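Here are the chains, one letter per residue:
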Amino acid sequence: MKIHPPLYYGDYLQLPKILNAQAPESAKYGQEIHDETLFIVIHQTYELWFKQILHELDSIRQIMARPFVPSTDLYIINARLKRVTTIQQILIDQIQVMETMTTLDFMEFRDYLVPASGFQSLQFRLVEAALGIRPEHRMDIEKQFINSRLKPEDRKTLAQAENNTSIFDLLEDWLARMPFSQFEGYDFWGEYSLAVHKMLKQDYEIILNNPGLDEPLRAMELKNLETTRETFATLLNADKFAEQRAQGKIRLSQKAMLSAVFIFLYRDYPALQMPFEILSALVEVDEKFTTWRFRHALMVHRILGTKIGTGGSSGHEYLKLTTERNRAFLDLFNLATFLMPKSMAPALPGSIKDQLDIVYDAFQS
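Computed from a prediction, not measured in an experiment: that's the story for all the values here.

Let us now look at the packing of helix α10 (residues 188-208) against helix α13 (residues 254-265). Each pair of packed helices can be described by the angle between their axes along with the distance between the axes. For the pair α10 and α13, interaxial distance at closest approach is 13 Å and the crossing angle is 65°. Judged on the interaxial angle alone, α13 and α10 are roughly perpendicular. Considering how the two elements wind past one another, α10 and α13 form a crossing that is left-handed. On α13, the residues touching Phe188, Trp189 and Tyr192 of α10 are Leu258, Val261, Phe262 and Leu265. Grouping the amino acids of the contact of α10 with α13 by side-chain chemistry returns 7 nonpolar, no polar and no charged.

Written out as structure tokens, the structure is:
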């Protein structure tokens, strides 16, 4: 083993650099405002966590980019996604620390920060790009703010990142490679369609015979049921699915979506448990960033009211609009639409069960 010189804690962590990286703007104008240090530390902490999230997402992309992803690597992907969601919870909880600063506290130094803004967090934009959020998914006003607030070199870095293969792209390819959209000798999706018809027929009878519904409400429920029927039909009809995809209502390919539905329906089988965990973890990543954006919008409203942000946006109103829009894995949220009770799901033939289960020949009679 190679002998190395003794390592000192502060040197290893480069603490002199980190702990001397807080330079309040207010101090440059004669009097340092106490709460500005908190403001700086909070945002520096965010950026450190964004760096770690990018580190995890980049490693996941490297694994998923391979033509074959073995089950052992699926565990690694899931573990790192769980790490990301744990960090995200810290990002959400950290807002409580920021909220210990009142409006009047913030106003003491706010004007010194103009036009600096969270718009200029390049790392957060890189996280969004790594997940799969592209310029076409953003509101026009958001694109304008990002492009006008970033330095030219940061805009170039972000543009390159947005052209790279994202986790969404890799997920779509991975799901499409799975053999669940078609089975040799067994028309699973035909059986699935029959099960859907049976389920919706039961729903129809419940609505029709429910004594608690007046006629206007019954008509509305029946209309909603018909919309559900059309949604199921879209999943199984290639032309309708392609039309919905062209309109931007669905991002995943039909083959990828069918595989995801199959995984969710039969998640209890050993071969599908880890894919199910990964899809669920990606949903959680989207959910936690949505929660973080919403909590951030509430905090901004609480501290700024209806004032514009330091970057020139409409403050909390703008943040609320981006909360729901910037989600990479909305299709995975919508999978619940296509599920049914386990008791109604098509029974799988033994040959397919064996592929999904752990079968030990030595124990077969």
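Continuing now.
For helix α14 (residues 270-304), with 35 residues, the first-to-last C-alpha span of 51 Å sits near the 51 Å given by 1.5 Å per residue. Phi for Gly305, located one or two positions after α14, is positive at around 65°.

What follows concerns the nonpolar core. With 98 residues, the main nonpolar core has Phe188, Tyr192 and Phe262 as its most contacted residues. Filtering out sequence-adjacent residues up to four positions away, Phe188 remains in contact with Phe183, Phe262, Leu265, Tyr266, Pro346 and Leu348.

Right, let's talk about unusual backbone geometry for a bit. The omega torsion of the bond from Val114 to Pro115 falls at 0°, within 30 degrees of zero and hence cis. Although it is not a glycine, Gln14 adopts a positive phi angle of roughly 50°. Residue position: Gln14 is located in the loop between α1 (9-12) and α2 (15-19).

A separate point is the pattern of salt bridges. Inspection of the entire model under this criterion finds 16 salt bridges. Residues Arg138 and Glu128 are paired through a salt bridge, measuring 2.6 Å at the closest nitrogen-oxygen approach. Note that Arg138 is positioned in the loop between α6 (122-131) and α7 (140-149) and Glu128 in helix α6, a separation of 10 residues in sequence. Across this residue pair, the class does not change: Arg138 and Glu128 are buried. The salt bridge involving Arg293 is made with Glu128; its shortest N-O contact spans 2.6 Å. Taken as a pair, Arg293 in helix α14 and Glu128 in helix α6 lie far apart in primary sequence, 165 residues in all. The two residues Arg293 and Glu128 agree in class, both being buried. Via salt bridges that share partners, Arg125, Glu128, Arg138 and Arg293 belong to a single interconnected network.

It is at 5 Å that the axes of helix α11 (residues 215-236) and helix α12 (residues 238-246) come closest, and there the two elements cross at 100°. When the axis of α11 is compared with that of α12, the two are roughly perpendicular. Side by side, α11 and α12 meet where Ala233, Thr234, Leu235 and Leu236 of the first sit next to Ala238, Lys240, Phe241 and Gln244 of the second. Residues of the contact of α11 with α12, tallied by class, amount to 5 nonpolar, 2 polar and 1 charged.

Before going further, it helps to examine the side chain of Thr290. Of note, Thr290 is situated in helix α14. For Thr290, a relative accessible area of 12% gives the class buried. For Thr290, the residues in contact, after removing those within four places along its chain, are Thr323, Glu324 and Arg327.

All told, the structure shown has 27 aromatic pairs when counted by the stated rule. Centre to centre, the rings of Phe50 and Phe124 are 5.4 Å apart; their planes meet at 40°, and the pair counts as tilted. Here the residue Phe50 occupies a position in helix α3 (residues 34-64), and Phe124 occupies one in helix α6, the gap between them amounting to 74 residues. Neither residue differs from the other here; Phe50 and Phe124 are each classed as buried. Directly above the aromatic system of Phe168 lies the positively charged group of Arg251, at a separation of 3.8 Å from the ring centroid. Over the ring of Phe333 we find Arg327; its NZ or CZ atom is 4.3 Å from the centre of that ring.

With that out of the way, let us pick up the confidence of the model for the chain. Chain-level pLDDT for the chain is 90 on average; 93% of the residues reach the 70-or-more range. Counting interchain partners and residues more than four positions distant, the pLDDT-below-50 stretch residues 310-314 has 20 contacts. Every residue in residues 361-365 is under pLDDT 50, and counting partners more than four places away or in other chains gives 1 contact.

Let's shift gears to the environment of Trp292. Looking at the secondary structure, you find Trp292 in helix α14. Along the primary structure Trp292 and Asp93 are separated by 199 residues, whereas in three dimensions their C-alpha atoms are 8.8 Å apart. Not counting residues up to four positions away in its chain, the partners in contact with Trp292 are Tyr46, Phe50, Leu91, Ile92, Ile95 and Phe124. Here the side chain of Trp292 touches Tyr46 through a polar contact of 3.4 Å, side chain to side chain.

What counts and how
Residues numbered from 1 in each chain as written. Predicted model: local features only at pLDDT ≥ 70, side-chain atom pairs only at ≥ 80, totals over all residues. Heavy atoms only, no water. Axes fitted to C-alpha atoms, helices over the stretch in contact; angles between N-to-C directions. Helix = DSSP H or I, 4+ residues; strand = E, 2+ residues; numbered from the N terminus. Parallel < 35°, antiparallel > 145°, perpendicular 65-115°, else oblique. Left-handed = near helix turned anticlockwise from the far one by under 90°. Contact = heavy atoms within 4.5 Å. Nonpolar A, V, L, I, M, F, W, Y, C, P; charged D, E, K, R; others polar. Expected span 1.5 Å × (residues − 1). Core = buried A, V, L, I, M, F, W, Y, C linked by side-chain atoms within 4.5 Å. Buried < 20%, exposed > 50% of the residue type's maximum accessible area, 1.4 Å probe, protein only. Salt bridge = Lys/Arg side-chain N within 4 Å of Asp/Glu carboxyl O. Phe/Tyr/Trp six-rings, centres within 6.5 Å; stacked < 30°, edge-to-face > 60°. Lys NZ or Arg CZ within 6 Å of the ring centre and 35° of its normal. pLDDT = per-residue confidence, 0-100. Polar contact = N/O pair within 3.5 Å; in protein donor to acceptor, adjacent residues only side chain to side chain.

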